[in-house]
Amino acid sequence: MSPKVAIGAVSLLSAAVVLAGCGGGNDNKGSSGATSGNAGKGPITFVTGKDNSGLMPHLAEAWNAAHPNEKVTIKQQSDQADQQLSDLQQHFQAKDPNYDVVTVDVVWTAEFAAKGWIVPLTGKNAMDTSHLLGPTVKAATYNGTLYAAPYASDAGLLYYRKDLVPTAPATWDDMINACKGKTSPTITGPKPACYAGQFAKYEGLTVNASEAINSAGGQIVKEDGKTPNLETAEANKGLSFLVNGFKEGYIPKEALGFQETQSLNAFQAGQLLFMRNWPYANAILSGTGSKVAGKFAIAPLPGPDGPGASSLGGHSVALSAYSKNQGTGLEFLKFIQSQEIQSYNLTQGSQAPVIASLYDDQALIQKFPYLPVLKKGIENAIPRPVTPFYPAVTEAISTNAYAALQGQSSTEEALKNLQSAIQSATAG
Ligand code: GLC
């Protein structure tokens, strides 16, 4: 390609971006050019986190067979939430027209919508959400407008070794007592260690610390979604459950480096009696080659006096404001939400569906007996703070919680520092 042609291509590209930004009428949101969308048709790229559950080949094949002129290319990111987010932020900031359709973690909706990076699903882009689980729709909505199509829900579950502990623990004390005499303080000990969740310093720690605090009746932020409320006895009791776990040895030190995958691997290798993880772990732990297949069961997360509270997790799929093929993208959003794809993702990858009726399907409940527990977990889950400044908020939570877990600051100090860090983060 000659330099002249290359320059021409660049300006054509900018023209296309400008056109894409102007295609949809008057409801321009934010300064970056998101509109109600263009109707462009053609090939699209779907950017999504690493496909640990092996669901993407089917999705791509099924879509491509029906849309030979609008094929989807799947671009997989890392399996770590923070890295996925920074990849998306970079591509949106560069107004990349090649990131057509993107997976949005429930905690990113506010930022992406406020910055005009994703297209509102209103007007000709409206989608029927009446058959979906309420919290999944709420998490894809910002300021009263739907911005993304719920794709997979998520709630934390307790995985336990039913061959070693026949009854699921209802409380934290039950769990700790069940570990006495049966466990070692490290995952490499002669016996399994007691409990682990995700305690590395990243989004997963925000999830786990929030769950502990909420389960003890505390709050990260008040009902307004931004005023921190951490200097309470309840928040202290919640965070102390994790801090004491490391001090007393019911959580192994190795777990300070655990994200989802590492905790799953430890449980799968028989190194943990109890594990907090998302529903997707069920399919992998039940798969061929898993040392614990048939030896574990799933229960609600425990709390201090009874069931605990999960953080609401999950993902939606949104149309990038910079895509030229938003018409195709919109059809793709409808496709990923179809009964066919939602059932496939449940039966093949134990991913939590967004279609409510699948949780009441008797044949599915027989295969996945924990479905009612999962549905209740999602319905009662507590959302993480909803704010366009979420990246700063979650950084504050994971940093201060991590300092407490490591024993670098006391639980009181960590909560005090977190209180003021969230205050500054949400002040703008
Ligand atoms: C899961 C959840 C997501 C959460 C992430 C944290 O992917 O669905 O909401 O942010 O885990 O690691």
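This one's a predicted model, so the numbers in the text were calculated from it and none came from an experiment. Within any chain, residue numbers begin from 1 and follow the written order of that chain's sequence. Whole-chain, interface and lining totals are the exception, using all residues; otherwise, since this is a predicted model, local features are given only for residues with pLDDT of at least 70 and side-chain atom pairs are given and counted only at 80 or more. Note that the side-chain values use all heavy atoms of the structure and ignore hydrogens as well as water.

**Q** Looking at this structure, how should I read the pattern of salt bridges?
**A** As a working rule, side chains carrying opposite charge can pair if their charged atoms are close by. One side-chain nitrogen of Lys or Arg within 4 Å of one carboxyl oxygen of Asp or Glu is enough to make a salt bridge. Counted according to the given criterion, the structure contains seven salt bridges. Two residues, Glu111 and Lys115, come together in a salt bridge whose shortest N-O distance is 2.8 Å. To sort residues, take the accessible area from a 1.4 Å probe on protein chains only and compare it with the maximum for the residue type: under 20% means buried, over 50% means exposed, and anything in between is partly exposed. Classification of Glu111 as buried rests on a relative accessible area of 3%. As a salt-bridge pair, Glu203 and Arg384 come within 2.7 Å of each other at their nearest N and O atoms. One end of the pair, Glu203, is in helix α7 (residues 203-215); the other, Arg384, is in the loop between α14 (371-379) and α15 (390-405), and 181 residues separate them in sequence. By the burial criterion, Glu203 is buried, and Arg384 matches it. A helix here means a DSSP run of H or I that spans at least four residues, while a strand means a run of E at least two residues long, and both kinds are numbered starting from the N terminus.

**Q** What is the right way to look at the site of the ligand in this model?
**A** Note on terminology: near, applied to a residue and a molecule or strand, indicates that one of the residue's heavy atoms is within 4 Å of it. Looking at the ligand, the residues that line it are Asp105, Val106, Asp154, Tyr202, Glu203, Gly204, Glu260, Trp278, Gly313, Gly314, His315 and Arg384. Definition of a polar contact: a pair of N or O atoms within 3.5 Å, with one able to donate and the other able to accept a hydrogen when the atoms are protein atoms, and with sequence-neighbouring residues admitted only if both atoms are side-chain atoms. At a separation of 2.5 Å, an oxygen atom of the ligand approaches a polar side-chain atom of Asp154. In this structure, Arg384 approaches the ligand through a side-chain N or O atom, which is 2.8 Å from an oxygen atom. Residue burial considers only the protein chains on display, and all accessible areas are found by Shrake-Rupley using a 1.4 Å probe. Computed on the free molecule, the ligand has an accessible area of 310 Å², of which 91% lies beneath the protein chains in the complex. When residues of the shell around the ligand are traced back to their parent elements, those giving at least two are α7 and β11 (312-319). A total of three residues in the shell around the ligand trace back to one element, the largest contributor, which is β11. Charged means Asp, Glu, Lys or Arg here, nonpolar means Ala, Val, Leu, Ile, Met, Phe, Trp, Tyr, Cys or Pro, and polar covers whatever is left, Gly included. Classifying every residue of the shell around the ligand by side-chain character gives three nonpolar, four polar and five charged. Start and end positions for the domains come from either an automated domain assignment or a database one. Domain assignment of the residues forming the shell around the ligand places at least three in each of domain 1 (44-154 + 312-379) and domain 2 (155-310 + 385-425).

**Q** Honestly, the domain arrangement of the chain in this entry has me stumped. Any pointers?
**A** When the parts come together, some accessible area is lost, and that loss is often what is quoted as the size of the interface. Taken domain by domain, the chain holds domain 1 (44-154 + 312-379) and domain 2 (155-310 + 385-425). Should any heavy atoms of two residues lie within 4.5 Å, those residues are considered in contact. Across the contact, 26 residues belong to domain 1 and 22 residues belong to domain 2. By buried area we mean the combined loss of accessible area, with a 1.4 Å probe, across both parts when two parts are placed together. In terms of surface lost to domain 2, no three residues of domain 1 exceed Val107, Asp154 and Tyr370, which account for 26% of the buried area on that side. On inspection of domain 1 and its partner domain 2, the count reaches zero salt bridges. Taken together, the residues of the side of domain 1 that touches domain 2 break down into 13 nonpolar, nine polar and four charged.

**Q** Is there a simple way to explain the packing of aromatic side chains in this structure?
**A** Remark: the centre distance and the inter-plane angle together describe each pair of aromatic rings, the angle taken between the planes. Stacked, edge-to-face and tilted labels apply to pairs of Phe, Tyr and Trp rings (six-membered ring for Trp) whose centres lie within 6.5 Å, assigned for plane angles under 30 degrees, over 60, and everything in between, in that order. As enumerated under the stated definition, the model contains 16 aromatic pairs in all. Pairing Tyr159 with Phe267 gives two aromatic rings, centres 6.4 Å apart and planes at 65°, and the pair type is edge-to-face. With Tyr159 in strand β7 (residues 157-161) and Phe267 in helix α9 (residues 260-268), the pair connects residues that are 108 residues apart, well separated along the chain. Side by side, Tyr159 and Phe267 carry an identical accessibility label, which is buried. Taken together, Phe46, Trp63, Phe332 and Phe335 form an aromatic cluster joined through their ring pairs. Positioned above the aromatic ring of Trp278, the side-chain terminus of Arg276 is 4.2 Å from the ring centre. In this scheme, the term charge over a ring applies when either NZ of a lysine or CZ of an arginine sits within 6 Å of the ring centre and within 35 degrees of the ring normal.

**Q** What is the right way to look at the state of the cysteines in this model?
**A** Should the sulfur atoms of two cysteines be covalently bonded, the bond is a disulfide. In this description, a disulfide is simply a cysteine sulfur pair whose atoms lie within 2.5 Å. Enumeration over the complete set of coordinates arrives at one disulfide. Disulfide pairing places Cys179 opposite Cys194 at an S-S distance of 1.9 Å. Here the S-S torsion is close to 70°, and the disulfide linking Cys179 with Cys194 is therefore right-handed. Taken together, the positions of Cys179 in helix α6 (residues 172-179) and Cys194 in strand β8 (residues 193-196) put the pair 15 residues apart, joining distant regions of the chain. Its relative accessible area of 4% is what places Cys179 among the buried residues.

**Q** Explanation requested: unusual backbone geometry in the structure shown.
**A** Leaving glycine aside, a negative phi is the common case for residues, and trans is the common case for peptide bonds. Phi is positive for Asn143, which is not a glycine, with a value near 50°. Within the secondary structure layout, Asn143 lies in the loop between β4 (141-142) and β5 (145-146). Despite not being glycine, Ser350 shows a phi value in the positive range, around 45°.

**Q** Can you help me understand the sheet that holds strand β2 (residues 72-76) in this one?
**A** Sheet strands line up and pair through hydrogen bonds in the backbone, either parallel or antiparallel. Should DSSP find at least two bridges between two strands, the strands are taken to pair. Strands sit in the order β2-β1-β3-β11-β6 across an open sheet of five strands; the sheet is mixed. Each edge of the open sheet carries a strand with a single partner, namely β2 and β6 (149-155). Here the average twist between neighbouring strands, direction ignored, is 20°. In this sheet, strand β3 (residues 101-105) lies alongside strand β1 (residues 44-48) in parallel orientation, the contact comprising two bridges. By the bridge assignment for β3, Phe46 is matched with Val101. Against the sheet, helix α3 (residues 81-93) contacts β1, β2 and β3, and its axis sits at roughly 135° relative to β3. In the packing of α14 onto the sheet, contacts are made with β6 and β11, and the angle to β6 comes to roughly 105°. What counts as an axis is a line fitted to C-alpha atoms, over the stretch in contact for a helix, and the angles between N-to-C directions run from 0 to 180 degrees.

**Q** I would appreciate a short explanation of the side chain of Asn64 in the present structure.
**A** Mapped onto the elements, Asn64 comes out in helix α2 (residues 56-66). Using a relative accessible area of 16% as the deciding quantity, one classes Asn64 as buried. In this structure the side chain of Asn64 is engaged in a polar contact, spanning 2.8 Å, whose partner is the backbone nitrogen of Val72. Ignoring anything within four residues of it in the chain, the contact list for Asn64 reads Lys71 and Val72.

**Q** For this particular structure, what's the right way to read the environment of Asn143?
**A** Residue Asn143 is classed as exposed on the basis of its relative accessible area, which comes to 66%. Each C-alpha atom of the pair Asn143 and Ala114 lies 9.2 Å from the other, and the pair is 29 residues apart in sequence.

**Q** Even after reading the chapter, I still don't get the sheet that holds β8, so can you show me in this structure?
**A** Here four strands make up an open sheet; going across it, the order is β8-β9-β7-β10 and the pairing mixed. Two strands lie at the open edges of the sheet, namely β8 and β10 (296-299), each paired on one side alone. Put simply, the sheet's adjacent strands are angled 15° from each other on average, direction ignored.

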